[in-house]
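Descriptive analysis of the structure
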Amino acid sequence: MTPIEIINAARLATFDDKPAQRTWEDKQYLIALNDARGLLFSQFPESRVTDVVGLTAYAEISETKLSDEMPEDAVYRNFFIEFLAFRFFDAGSRDTANRKKSADHKAGYMQALSALGGG
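Residues numbered from 1 in each chain as written. Predicted model: local features only at pLDDT ≥ 70, side-chain atom pairs only at ≥ 80, totals over all residues. Heavy atoms only, no water.

When you go through the protein chain residue by residue, the secondary structure sums to 4 helices and 2 strands. Ordered by position from the N terminus, the helices and strands of the protein chain form the series α-α-β-β-α-α. Looking at the protein chain as a whole, 37% of its 119 residues qualify as buried. For the protein chain, the share of sequence-separated contacts (at least 6 apart) that also reach a separation of at least 24 residues comes to 63%. As presented, the protein chain carries roughly 6900 Å² of accessible surface, and 52% of it is formed by carbon and sulfur atoms. (Helix = DSSP H or I, 4+ residues; strand = E, 2+ residues; numbered from the N terminus. Buried < 20%, exposed > 50% of the residue type's maximum accessible area, 1.4 Å probe, protein only. Contact = heavy atoms within 4.5 Å. Areas by Shrake-Rupley, 256 points an atom, 1.4 Å probe, with all protein chains shown as cover.)

Below, the structure written as structure tokens:
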């Protein structure tokens, strides 16, 4: 899975997918993706063990690497999408509807992590 695939999936989840009407640029989603990866690596060290490269270390993904494969396994895909959607709606959390969507997506990313941990 690549960062741009995660970003495009998050755009669909946030209805931010119309090129002429986008609220966030790719780099804003990328900041949220790097934050999600930092959370995953620090709180769930088992995420650092992958089929492809063995044990990975955290390193930020840059804008020039959006098409490169991420070291994390695709099992974390739903977590990343939900986290990006959470951050997108949380940015406009003064609006009641966005606050609700933000809370829903936060619950979604926590549920995705819980499911991975067998909980």
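For the rest of this paragraph, the subject is the packing of helix 2 (residues 26-43) against helix 3 (residues 77-90). In the contact formed by helix 2 and helix 3, the axes pass within 9 Å of each other and the chain directions differ by 125°. Between helix 2 and helix 3, the interaxial angle falls into the category oblique. Both helix 2 and helix 3 take part in a crossing whose hand is right-handed. Where helix 2 abuts helix 3, its residues Y29, A32, L33, D35, A36, R37, L39 and L40 lie against F79, F80, F83, L84, R87 and F88. (Axes fitted to C-alpha atoms, helices over the stretch in contact; angles between N-to-C directions. Parallel < 35°, antiparallel > 145°, perpendicular 65-115°, else oblique. Left-handed = near helix turned anticlockwise from the far one by under 90°.)

Moving on, we get to the side chain of E72. Tracing the backbone shows E72 in the loop between strand 2 (54-55) and helix 3. On the accessibility criterion, E72 (3% relative accessible area) is buried. A polar contact of 2.7 Å, which involves the side chain of E72, links it to the side chain of R37. (Polar contact = N/O pair within 3.5 Å; in protein donor to acceptor, adjacent residues only side chain to side chain.)

Going through the model one piece at a time under the given rule, you end up with 10 aromatic pairs. Plain terms: the ring middles of W24 and Y29 are 5.1 Å apart, the flat faces sit at 70° to each other, and that makes the pair edge-to-face. An identical accessibility class is assigned to W24 and Y29; each is buried. Ring plane angle 70° and centroid distance 5.3 Å describe the contact between W24 and F88, whose orientation is recorded as edge-to-face. Taken as a pair, W24 in the loop between helix 1 (3-14) and helix 2 and F88 in helix 3 lie far apart in primary sequence, 64 residues in all. One aromatic cluster in this structure is built from F79, F80, F83, F86 and Y109. (Phe/Tyr/Trp six-rings, centres within 6.5 Å; stacked < 30°, edge-to-face > 60°.)

Here the structure, examined in full by the defined rule, presents 7 salt bridges. Between D104 and K100 there is a salt bridge whose closest N-O contact spans 2.8 Å. Placement of both D104 and K100 in helix 4 (residues 96-116) is noted, with a separation of 4 residues, approximately one turn of the helix. You can call D104 partly exposed: its relative accessible area is 40%. Sharing partners across several salt bridges, the network here consists of R11, D16 and D26. (Salt bridge = Lys/Arg side-chain N within 4 Å of Asp/Glu carboxyl O.)

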